[in-house]
Amino acid sequence: MTSNTEQFSLRETARELHDAGLCVIPIRADGEKAPSVKWTPYKVTRSTPAEHDSWFRPGREAGIAVVYGAVSGNVEMIEFEGRAIDEGILEAVTEIMEASGLGPEWDALTTGWVTKSPSGGLHLRARVLDAPVPGNTKLASRLARQDEYTPEERQRLAEKPNSRIIRVQIETRGEGGYGLVEPSGGTVHPTGLPYERAAGGPSTIPELDAGVMDAIREICRMVDALPKPETPRSAPRDPQPLPDGRLRPGEDYEARTDWADILQPHGWTFVTQRGNTRYWRRPGKDRGLSATTGRAADRDRLYVFTSSTEFAAETPYTKFGAYGLLEHGGDHKAAARALRSQGYGDAAPHRGLAPVSHLPVQRASPPTDGALAIHYDPIQEPEYPEDTGHAGPPEVDITNEADGIDGILAAMAAGALPGLYKRSGGPCWVNTDDQGNPQLHQLGADNLRAYAADHIQSYVIAKDEDTGGTKAVRTLLPPKTCATILGRKDWPLQRIRGVVTSPVLRPDGSLVTSPGYDTATELYLHPRVPIRRLRPETADSLDRARDVVMNHMLADFPWQSESDRAHFLGALLTPILRPYFHGTTPMVVITATTAGSGKSLLKDIFQYCYGIAETPWPENDAELRKAVTAQLYTTGQPVVVIDNLPNGHMIKSPILSSLLTAEHWGDRVLGSTASVTMPNDRLWIATGNALRTGGDNARRVIWVRLDPDCPDPDQRDGYKVGDLRPWLRQNASTVVAALVTMVRSWVAAGAPTIRVRKGDYSEWASMIAGLLSHIGVPGWMQDRDEASAMDDELQEWSDFLTLWEEKFADRPVTTGEVLGELKAYVPSQRDEPPSAKQLGHWLKARQGRYFGIRKVVLVRDPHRKQNCWRVDLHRQRKPS
C-alpha cells in the first residue's frame, strides 16, 4: 500500500508538473507501468488539476507520468538504460559531445531535469524549439548476451535460430509517448524501487534548438552496437577471388587508402577519435557529428547518421563504395576502371579488338564530255582532291551507355566521322537519288546505327573465360543509344546550309570549285557536271564564253523582246552567285503564246547545268506549303520548277508571296511533330502558256516570254546547235564553265552593279544588272510596262477606276451609286456582280493602293453615317 504521505506527494508533484506546462497522467500500481486511465485524449489535450485531484486522492494507489511532445510544450526525453550507464555508454557519449562542440548543450541537458529510474538508468529532458518533436525512437542498441536471455527469448531462439535478441541502450520518448517520473515507487515498478530526482526539476528543463537536438540524437546513434546488414546502396558484395590471386582495384584501394583521403576533399571534417572509432562532421555543419568510421570489427566502414549528405543514412559503406558514390555517382564499374587507370589492382589480361579493314573507297572515274560541238580552250580536264583517308575508324567502348555516348560525341568533335553534318533538324548526310540528284537526308536512329557500323568500331568489355581477364567484343550501337544521341539539342558536327551543284561565288569573291564540304560557305558541292579547271581570266575567254551561251545555246529561242533573253540569262547565272548576296530572288515565270515554243527546253538548260527539282502546281495553298517544305528540306538541287501550269492560269497565292520574300522558311516536317527552319536559297521557276499574275505576286516575278509567231512552232528546224537536248548532254560542262567565266570576269572587274529598284530583290537585281552590262547583254528589267499589263488584277482595276473618275470626277459616292452606273465594269471573279456591301469590302481591301495613277480613298459621311468613296489621281488631288 502506498501511504497517504506518498499520495499527497503525488498530488503536489502533479501540481508542480502542471505549473511547468506538462501533461500528467496516472500509472497503475501493478508493475506494468501502464496508464490507469484511457490516456489517448491526453496526447493532444492537457489534463486538468481537477483530474489530478481525482487520480491522486488519498487511498488510491498510483504512479505518475508525463506525456511528451506538443501537449507538454514540445518536451522530449532521452533515456539511458541502466545497462548503458554500467557499460560506459553515457561516458562515451559525453566525451563525443564535448569533442563535437556540443559540450555546453549536453551539459545543460544532463544538469537540467534528470530522473534516475529504478533500474539505474537516467532520463534527460529538453524543450525543443522551432520544430515538432519526433515520435519515440530507439537510438542505440546491442545484441543481448546469452547470460541475459530470458526463458521466453531462449524459447524463441530454439524455434527461430536466426532471430536477433536486442537490448536497447538509448531511446527517446517524444510525440505520443510518456514516461514515469519521481516520486513513483512501490508496486508501480517491477523492482519495487522508486524513481528519484537526480538533478533539477520541471522548472529547469533546458530549451534547445531543433538542430541541436538533431545533432544530439545523431551522436547517440553513433554508439549503436547493433550489426547493420549490407544494402544495395552500399559497396558491392565481396567479389570472388580473381584467378592467379590477382588483386582487384577496389580491394587494393581499400588496403592503401585512408578515410581522410576520401572524405576531406569533399568537405568532411575529422572531429575526434575514441579507440578505433573516428568521428566525422558533414560539409556545411560547424558542430555536431554526422558519421563514424572504424567501428565495425570485420571491416572499416563509413556509417552516416544523417540524411543531409550524398550517403544513405544508417547504411555502411566500404572505402571503395564511398569513392564510387562521391567520384562516380555510384557507378562501381566506372569507379573500378578509374582506379585501375590510377594504378590500383593487378593488371588483368585484356584482348583488344581484332583489326577491321576499311571499306574500299568508291571513286568515280574522271568524267568526260565526249566530242564537244564547240572548242572551248579555257575548259580543261577535271581536278579531284586527293583522298587524305583516316588512320582507322575510332574505337568506342559502349559497355556503359553514358561512356558510349561520350565516345560517339568525341569522335564527332574530332572530325573522325566523315560525311556527317548538322542542320536545324539534327545530324544529316548528303546522298543521291536514282537520277544522281543530291539530297540532304535527316538521320533517324536506324540511319545513325548503320553509319556507325561502317565508320566506328564499337565494342563491349566481356569476361574472357580463357584467360580470366577481359576482352573487347565488337557490337553495334544499341538503338536506344542512337535515339539518345539524336535527341540532343546540338551536336559537335560541321553545320551545313545546303547543297550546290556547280561552282559558286563565296562572299569574298572567290570560287568554290572542290567537290565536297566548303567550310567558308557551309555548303556541300555535289557537281551536276564535271568541274573543269579554268585558265586565268582574259577578255578572250569572256568572248568565247559569251559566244557559247548567247550565240549557240540561246540563239534560236523566239524571245518576245530582248528583256526576256536578259531575264533568262540573269536567272541562269543566279545559282552561281547565290552565296554572294543576301535575300531572296523573284520567281522566274517562263510563259509562251502557244505550246511547243521552247519553255521545256529553257527548263532543261537548268536541268543539265544544275539539276532541278520538279513539283506540280498544288490544288490549294495548304498543299503548296507542304510542297515547298518538302523541296527545301529534302532536295539538294538549287532550282525548283513548278512545271506546266494550266493554260491562262493566274498566279495568285499568299503562300507563294510569303515564300518569295522570306529568307528562311519554317514549317512542320511531314509525318513528324518537329518544326524546322531552312534557308530559302532556291531559284523558283514556273512554266505554262499565257500565264498571268494577280494580287501581290505581280511584283514578285520576272517574266521570260516566248512568242514564235507561227503555227505549229514545234515543227521549226534549222537550229544552230541542232537538237538542244543532245547538245546539252555533250556540252553541259562547257556551258557551266562559260557561265562561271562570265562571273569570274565580272568579279575581276570589281563586281560593278547598276542600281535597279525591285523592292525586296533590289540587291540581286542591281547585281545582275551590273553583270549583264559587263558581258554586254542588254534588256535587263526593261519590260516593266509590259509586265504590268500581264497582271490581270492590276489591269482590271486600273480600267475600272479610269471609268469611275470619268463618271464621278473626284466627288465622293456610295457603293450603291457606283453599282448603279458601273455595275458591268466592276472587277469580279464571280459570275454575278457584287452587292454594295461586298463592293465596300473590296474597296477597303484596296484603299490607298495605286492602280496605274489612280487609287480609291475612303470618305466618311458624318451626316448620313455611311462610307463614301472617291478616286484620286497621283499628285493631282486638289486641296479640300
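Residues numbered from 1 in each chain as written. Predicted model: local features only at pLDDT ≥ 70, side-chain atom pairs only at ≥ 80, totals over all residues. Heavy atoms only, no water.

## Observations concerning the overall build of the chain
Of regular secondary structure, the chain possesses 25 helices and 40 strands. A buried classification covers 49% of the 880 residues belonging to the chain. In the chain, the proportion of contacts linking residues at least 24 apart, taken out of those at least 6 apart, comes to 70%. Summed over all atoms, the accessible surface of the chain reaches about 41,800 Å², with 48% contributed by carbon and sulfur. (Helix = DSSP H or I, 4+ residues; strand = E, 2+ residues; numbered from the N terminus. Buried < 20%, exposed > 50% of the residue type's maximum accessible area, 1.4 Å probe, protein only. Contact = heavy atoms within 4.5 Å. Areas by Shrake-Rupley, 256 points an atom, 1.4 Å probe, with all protein chains shown as cover.)

## Things to note about the sheet that holds strand S2 (residues 63-67)
Overall, antiparallel pairing links the 3 strands, which are arranged S1-S2-S8 in an open sheet. The open sheet is flanked by strand S1 (23-27) and strand S8 (178-180), the only strands paired with a single partner. When the angles between neighbouring strand axes are averaged without regard to direction, this sheet yields 35°. Sheet topology places S2 next to S8; 3 bridges connect them, and they run antiparallel. (Pairing = 2+ DSSP bridges. Axes fitted to C-alpha atoms, helices over the stretch in contact; angles between N-to-C directions.)

## Side note on helix H5 (residues 103-111)
One turn of the α-helix equals 3.6 residues, which is why residues spaced by three or four share an orientation. Buried residues of H5: Gly103, Glu105, Trp106 and Leu109, and no others. Viewed end-on, H5 has its buried residues packed into an arc of 165°, placing them on one side of the element. Check the buried side of H5 and you find it contacts strand S3 (75-80), helix H4 (89-100), strand S4 (114-116), strand S5 (122-129), strand S10 (207-209) and helix H7 (210-221). (Arc of directions from axis to C-beta.)

## Side note on the nonpolar core
Ranked by size, the top nonpolar core spans 86 residues in total, and within it Met553, Ile605, Phe606, Leu739 and Trp780 carry the most contacts. No other element matches the 12 residues that helix H20 (residues 724-748) contributes to this core. If sequence neighbours within four positions are ignored, Ile605 has contacts with Met553, Leu554, Phe557, Phe568, Leu572, Leu724 and Leu728. With 36 residues, the next largest nonpolar core counts Ile96, Val114, Ala140 and Tyr279 among its residues. (Core = buried A, V, L, I, M, F, W, Y, C linked by side-chain atoms within 4.5 Å.)

## Focus: the confidence of the model for the chain
Residues of the chain with pLDDT of at least 70 account for 89%, and the chain-wide mean is 85. Every residue in residues 1-7 scores below 50 in pLDDT, and together they form 12 contacts with partners more than four places removed in sequence or on other chains. Taken together, the stretch residues 358-390 has pLDDT below 50 and engages in 65 contacts with residues farther than four places along the chain or on a different chain. (pLDDT = per-residue confidence, 0-100.)

## What about the side chain of Arg700?
Tracing the backbone through its elements, the reader meets Arg700 in the loop between strand S37 (692-693) and strand S38 (701-706). Looking at Arg700, the relative accessible area reads 9%, which means it is buried. Here the side chain of Arg700 touches Ser657 through a polar contact of 3.2 Å, landing on its backbone oxygen. Apart from residues lying up to four places away in sequence, Arg700 is in contact with Pro586, Met587, Ser657, Leu660, Thr661 and Tyr761. (Polar contact = N/O pair within 3.5 Å; in protein donor to acceptor, adjacent residues only side chain to side chain.)

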